[in-house]
Every structure is written in C-alpha cells, then in structure tokens.
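In case you want the letters, here they are:
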Amino acid sequence: MLQPADVLLLDEPTNDLDIPTLEVLEESLLEYRGALVLVTHDRYMLDRVSTVVLGLDGLGGAERFADYSQWEAWQRSQLAAGKSNRTVETQSPSGSANAAKESLTKKKLSYKETRELETIEQRIADAERELQTKHDILLEVGAMSDGARLHAVSLEMEAAQKTIDQLYARWAELEQKLS
C-alpha cells in the first residue's frame, strides 16, 4: 500500500490483526483511490470499505449489491426459491404431497398461521420488489443530488429491508413449528 497501484487484491487481510492495526488498515483502504478486490469474512469492514458487494451463489452465479445485507437477503430468497422447487419436484402426480403437507399444517399450526404460511412467500417477493424499487430510486440522478430526498429514500430502504428481515424470521418460525 506504500507504492502507487491501480488495483489491490486482498484475501482475508484482517486475519490475525489486532484492533489498532485493523483501524489503520480500514482507514488506509478508505483513502485508497484505486480499485479494491477484498475477500473477507469481516462484515463490518466489508460494509465500511466497499461500495459494491459481489455476491456468489456457489453455483457459478454472481450478483452485484450495495451492501452485505442486500446480498444476504438475495441469498435467502435463492434458498427459498430452491426449497419451493424441491417441493414441486418431490410432489407426486396425485397431489398426495399437498394433502400430507396440509394435514401436518392443520395439526401444528392454527388456521391463521396456516394462511400466513401460505402467503408469506408472495409477501416476501412483494417486499423485495419494493426494496428494489427504492434502490432504483436511490440511484436516480435527481435523488442523488437532493440531500433530503436521498435521506428519505435511504430511510425507506432501511424500513423495507427491516420488513423483509421480519418476514423471513416469521417464515422460519412457522416452518420450525411444522418440523
């Protein structure tokens, strides 16, 4: 970092560093004007230093995100989509899998919880679309040049992300009751 460079490649730079050294490293990376490729498990540093997070799905796919929490939400939605695909694949042509699922649901969940579980995936998808809409608004030139609007949209994005997180937590809670 003492010599001029256009690109820095750092693989787990925070391993085995004490707190003062971590702070110096973070400050140096924040001042760095070139491109930085950072591989790390340090979420705090990742959120503080990065402007783009490249999320890998483990299947050869990659997406760009503004921060770690967006990548985490995307990863959960991919997992949820995978679960629903597996359910469809294992379902027999006679529909007995649905009947078995409904009987289990009726035994362990109340009517209200059953209805909630049936609609939660769609509610999550709707909330994620809303978050994406807010993100798109945030990237508009008009929003970037208007500080008050930028702040308001950022708060709306934060609220939308909180809603998504709550929906995922509730989904996990309902699924836990089923097992």
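Residues numbered from 1 in each chain as written. Predicted model: local features only at pLDDT ≥ 70, side-chain atom pairs only at ≥ 80, totals over all residues. Heavy atoms only, no water.

Regarding the overall build of the protein
Moving on, step 1. Along the backbone of the protein there are seven helices and four strands.
Moving on, step 2. Seen in sequence order, the protein has helices and strands lined up from the N terminus as β-α-β-α-β-β-α-α-α-α-α.
Moving on, step 3. Within the protein, the fraction of its 179 residues that count as buried is 28%.
Moving on, step 4. Counted over contacts in the protein with a minimum sequence separation of 6, partners at least 24 positions apart contribute 51%.
Moving on, step 5. When the accessible area of the protein is evaluated, it comes to approximately 12500 Å², of which 55% is carbon and sulfur surface. (Helix = DSSP H or I, 4+ residues; strand = E, 2+ residues; numbered from the N terminus. Buried < 20%, exposed > 50% of the residue type's maximum accessible area, 1.4 Å probe, protein only. Contact = heavy atoms within 4.5 Å. Areas by Shrake-Rupley, 256 points an atom, 1.4 Å probe, with all protein chains shown as cover.)

Observations concerning the pattern of salt bridges
Moving on, step 1. A complete count under the given rule lists 11 salt bridges for this structure.
Moving on, step 2. Here Glu-113 ties to Lys-177 by a salt bridge, and the two come within 2.4 Å at their closest N and O atoms. Of this pair, Glu-113 sits in helix α5 (residues 111–139) while Lys-177 sits in helix α7 (residues 147–178), and the two are 64 residues apart along the sequence.
Moving on, step 3. Judged by its relative accessible area of 34%, Lys-177 falls in the partly exposed class. (Salt bridge = Lys/Arg side-chain N within 4 Å of Asp/Glu carboxyl O.)

Examining α5
Moving on, step 1. Taking 1.5 Å as the rise per residue, α5 with 29 residues should run 42 Å; its terminal C-alpha atoms sit 42 Å apart, in good agreement.
Moving on, step 2. The largest bend along α5 reaches roughly 45° and is located at Thr-119.
Moving on, step 3. Of the residues making up α5, those classed as buried are Glu-113, Thr-114, Glu-116, Leu-117, Ile-120, Ile-124, Ala-127, Leu-131, Lys-134, His-135 and Leu-138. (Expected span 1.5 Å × (residues − 1). Bend = angle between axes of the 7 residues up to and from the residue.)

Some words on the side chain of Gln-70
Moving on, step 1. Within the secondary structure, Gln-70 is located in helix α3 (residues 68–90).
Moving on, step 2. By relative accessible area, which is 13% here, Gln-70 ends up buried.
Moving on, step 3. A polar contact of 2.9 Å, which involves the side chain of Gln-70, links it to the backbone nitrogen of Ala-66. (Polar contact = N/O pair within 3.5 Å; in protein donor to acceptor, adjacent residues only side chain to side chain.)

Re the packing of aromatic side chains
Moving on, step 1. Taken as a whole, this structure holds three aromatic pairs when the rule is applied.
Moving on, step 2. Here Phe-65 and Trp-74 contribute two aromatic rings whose centre-to-centre distance is 5.3 Å and whose plane-to-plane angle is 50°, an arrangement assigned as tilted.
Moving on, step 3. Note on Tyr-68 and Trp-71: the rings are 5.4 Å apart at their centroids and 45° apart in plane angle, and the pair reads as tilted. Remark: Trp-71 and Tyr-68 occur in helix α3; sequence separation between them is three residues, near one turn of the helix. (Phe/Tyr/Trp six-rings, centres within 6.5 Å; stacked < 30°, edge-to-face > 60°.)

Focus on helix α1 (residues 19–31)
Moving on, step 1. For α1, built from 13 residues, the straight-helix expectation of 18 Å at 1.5 Å per residue is met to within 8% by its first-to-last C-alpha distance of 19 Å.
Moving on, step 2. Buried within α1 are the following residues: Leu-22, Leu-25, Glu-26 and Leu-29. Along the long axis of α1, the arc covered by the buried residues comes to 100°, so they all point the same way. Residues Val-24 and Glu-31 are exposed on α1 and point more than 90 degrees away from its buried face.
Moving on, step 3. As for α1, its buried residues are in contact with β1 (7–11), β2 (35–39) and α2 (43–49). (Arc of directions from axis to C-beta.)

Topic: a nonpolar patch on the surface
Moving on, step 1. Together, Val-7, Leu-9 and Val-37 give the surface a local cluster of nonpolar side chains, amounting to about 290 Å² of exposed area.
Moving on, step 2. As for its position among the elements, Val-37 is in strand β2. (Patch = residues over 30% accessible without salt bridge, like charges linked within 9 Å, V, L, I, M, F, W, Y side chains within 5 Å.)

Concerning the packing of α5 against α7
Moving on, step 1. It is the contact of α5 with α7, at a shortest axis distance of 9 Å, that shows an interaxial angle of 160°. Taken together, the axes of α5 and α7 are roughly antiparallel relative to one another. Crossing of α5 against α7: the hand is left-handed. (Axes fitted to C-alpha atoms, helices over the stretch in contact; angles between N-to-C directions. Parallel < 35°, antiparallel > 145°, perpendicular 65-115°, else oblique. Left-handed = near helix turned anticlockwise from the far one by under 90°.)

These figures capture arrangement, not role.
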